[in-house]
Amino acid sequence: MAKDICSINIFSNYSFALLYFKIIFMGHKLIYLLIPFISILSSCHKEKTSDIQGDINPENNRIQILFEVDKETNLKNPYMGWSLYSEGTYGIERAESYWTSQDEAGKRYAGVYYLRWPWSYLEPEEGKYAWDYDENFKSLIQGALDRGLRLAFRIFVDSRDCEDEAVPEYVFKEGNYFTEYNKRTPYPNDQYFLEKYTRFIEALGKKFNDPSIVDYIDCAGIGKWGEEHTFRLKKDGVPRYEMYKTISNAYAKAFDKVINVINFTEREPKEENLLMNELGFSPRRDGYVSKYFPVSQQESFVSHFPSKILIAEACYWGSSYNIWEQENGKWKSWKDYYRELVDLALETHANYLDMRTPTETSRLLQSNRDDVKRFISKGGYRIYPKRITANIHDNKISIEHTWQNVGVGVLPNNNKNLRFKYKVAFALFNDKDELVQQWNSEKVEVSELVGNKTIKGEETFDLDSHPEGTYKIGVGIINTLPNDSKDIKLAIKRPKIIKNEWVYIGDVEYK
């Protein structure tokens, strides 16, 4: 048998070996020809060249493939990853210099570009939007997309701790506001402010409610830094609950194709029910690794997992202070702080973590590159098929497939706005790598792949008639919605890609 295997040279140019099989159609009669080509089982090849193992049973036309998980590659999948920031609190960086400094991080380590800007920078005059006229804004966005990053947004409206006033001048002409640090901030429950703010949210959604490039949008923006801290309400203004309802409904309506996010904080039960249950928002927590995020809050935050994704952000950042001067010298260095940050993010099942601005990125890559890689390896989700077994019979293919997520987070397929769009799928491709037949699994729901849980599916699909030729069989986690977020890259070591994220597993020949 070893001699026969060695004489087959079909895949000699591949970087790995796998179990190869053919199904030959002659009229309506099926003739099975199953050819094993597994170099690690052949006596002619002592050197291991494959991360895929398999076996063959010629009596029942059964094949089995075992995949080895890739725990290192930055997969750049949607809804997870290290996040680079554009912090609008202290002005906006120039796109050219920003992407020069963030180029390595953007290409190799990050997955998301998060813009946290004041409203006034995006609409300096009523109806005049940065995405239409501001070339620097456009270049910042394009720089992210060119590096394979997806987008996320927070628009804030509180001028305190902001270099400029956070709200366009036209809002102050009729709206009510308070002044602090010589800057004006509107009362978020002022009726005029709400009318203008929700109109801006609608315009923002028309541009960026685009799941092909956007992961999520923060859905409040009030209070300091948009974190809902210490916001002030007008005494005779809209009641607090109605204010939240107006703002959150505006975001939910304008951004119904991307994940809606709200800051995690203590809330009134009615408000909590509106945001987390009725609207299905996902929580983020700014203030990781600090006295402001005690264990009791951590436990409450994690209680939302795995039904919702969790977004983590460090408390301390920037260069205006030394980390060893914070909290009575709790950390001796930024290296100590960042290691604890990654530890806590993984412990709390975070899908996202901030690499932030060029200052933090430089520190992380200089002193904590291993921790950066550790979050890439374990943060968010990392899904792969552990085993695929196929059995061909009676113009049908029966497939047993077992899946696992080795990341600490979750693929949020169950999110209200994602609508279970991702499906485990198998497909046939012709010699031009055009998809000619696809089968979607109904047995494996990817949002249920959490922890050490594996999910196994056993399904039988019809093999349709096709013109003569050899067809590739592929496996993937595929987005079933058109013009939407990309398919999921499987965490398989050295896969052979057919097209997009479809991984090759074998051939079918029609004659």
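Residues numbered from 1 in each chain as written. Predicted model: local features only at pLDDT ≥ 70, side-chain atom pairs only at ≥ 80, totals over all residues. Heavy atoms only, no water.

## So, the pairing of strand 9 (residues 183-186)
Burial along strand 9 is two-sided: K183 and T185 and R184 and P186, pointing in opposite directions, are all buried. Across four bridges, strand 8 (residues 177-180) lies against strand 9 in antiparallel orientation. From the neighbouring strand, E180 faces strand 9, where its bridge partner is K183. The turn joining strand 8 and strand 9, which pair antiparallel and follow one another in sequence, is formed by two residues; a positive phi near 55 degrees is taken by Y181. (Buried < 20%, exposed > 50% of the residue type's maximum accessible area, 1.4 Å probe, protein only. Helix = DSSP H or I, 4+ residues; strand = E, 2+ residues; numbered from the N terminus. Pairing = 2+ DSSP bridges.)

## Regarding the environment of S447
Its place among the elements puts S447 in the loop between strand 18 (435-440) and strand 19 (454-462). Leaving out residues up to four positions away in the same chain, S447 has contacts with V410, L411, N413, N414 and F420. Only 2.7 Å separates the side chain of S447 from the side chain of E445, close enough to count as a polar contact. (Contact = heavy atoms within 4.5 Å. Polar contact = N/O pair within 3.5 Å; in protein donor to acceptor, adjacent residues only side chain to side chain.)

## Notes on the pattern of salt bridges
What the rule picks out here adds up to 43 salt bridges. Between R160 and D158 there is a salt bridge, with its nearest N and O atoms 2.7 Å apart. Here D158 falls in the buried class, since its relative accessible area comes to 3%. Among the ionic pairs, E442 bridges to K423, the shortest N-O distance being 3.8 Å. One end of the pair, E442, is in the loop between strand 18 and strand 19; the other, K423, is in strand 17 (residues 422-429), and 19 residues separate them in sequence. Through salt bridges that share partners, E87, R116, R154, D218, R284, D286, E313, D354 and R356 make up one connected network. (Salt bridge = Lys/Arg side-chain N within 4 Å of Asp/Glu carboxyl O.)

## With respect to helix 14 (residues 369-378)
The periodicity of an α-helix, 3.6 residues per turn, causes residues three or four positions apart to be oriented the same way. Listed as buried for helix 14 are D371, V372, F375, I376 and S377. Among the structural elements, strand 5 (81-87), helix 3 (103-109), helix 12 (334-347), strand 14 (352-356) and helix 13 (358-367) are those in contact with the buried residues of helix 14. Backbone geometry just after helix 14 places G380 at a positive phi near 65 degrees.

## Some details on unusual backbone geometry
That bond from F305 to P306 is cis: its omega, 5 degrees, falls within 30 degrees of zero. As for its placement among the helices and strands, P306 is situated in the loop between helix 11 (295-302) and strand 13 (311-314). One non-glycine residue, N483, adopts positive backbone phi at about 50 degrees. Structurally, N483 can be placed in the loop between strand 20 (469-479) and strand 21 (497-499). With relative accessibility at 74%, the residue N483 sits in the exposed group. Positive phi is not limited to glycine here, since N500 has a value of about 55 degrees. A relative accessible area of 54% places N500 in the exposed class.

## Quick notes on the confidence of the model for the protein
As a general rule, the predicted coordinates of low-pLDDT regions are not to be interpreted in detail. The predicted model of the protein has a mean per-residue pLDDT of 89, with 88% of residues at 70 or higher. This model gives residues 54-59 a pLDDT under 50, and the stretch forms 15 contacts once residues within four places in sequence are excluded. (pLDDT = per-residue confidence, 0-100.)

## With respect to helix 10 (residues 269-278)
When helix 10 is considered as a whole, its buried residues turn out to be E271, L274, L275 and M276. Here the buried residues of helix 10 occupy an arc of 160 degrees about the axis, which is enough to place them on one side. Seen from the buried face of helix 10, the exposed residues on the opposite side, beyond 90 degrees, are P269, K270 and N277. Contacts from the buried residues of helix 10 go to helix 9 (240-254), strand 11 (259-263) and strand 12 (282-288). Once helix 10 ends, the next one or two residues include G280, with phi positive near 70 degrees. (Arc of directions from axis to C-beta.)

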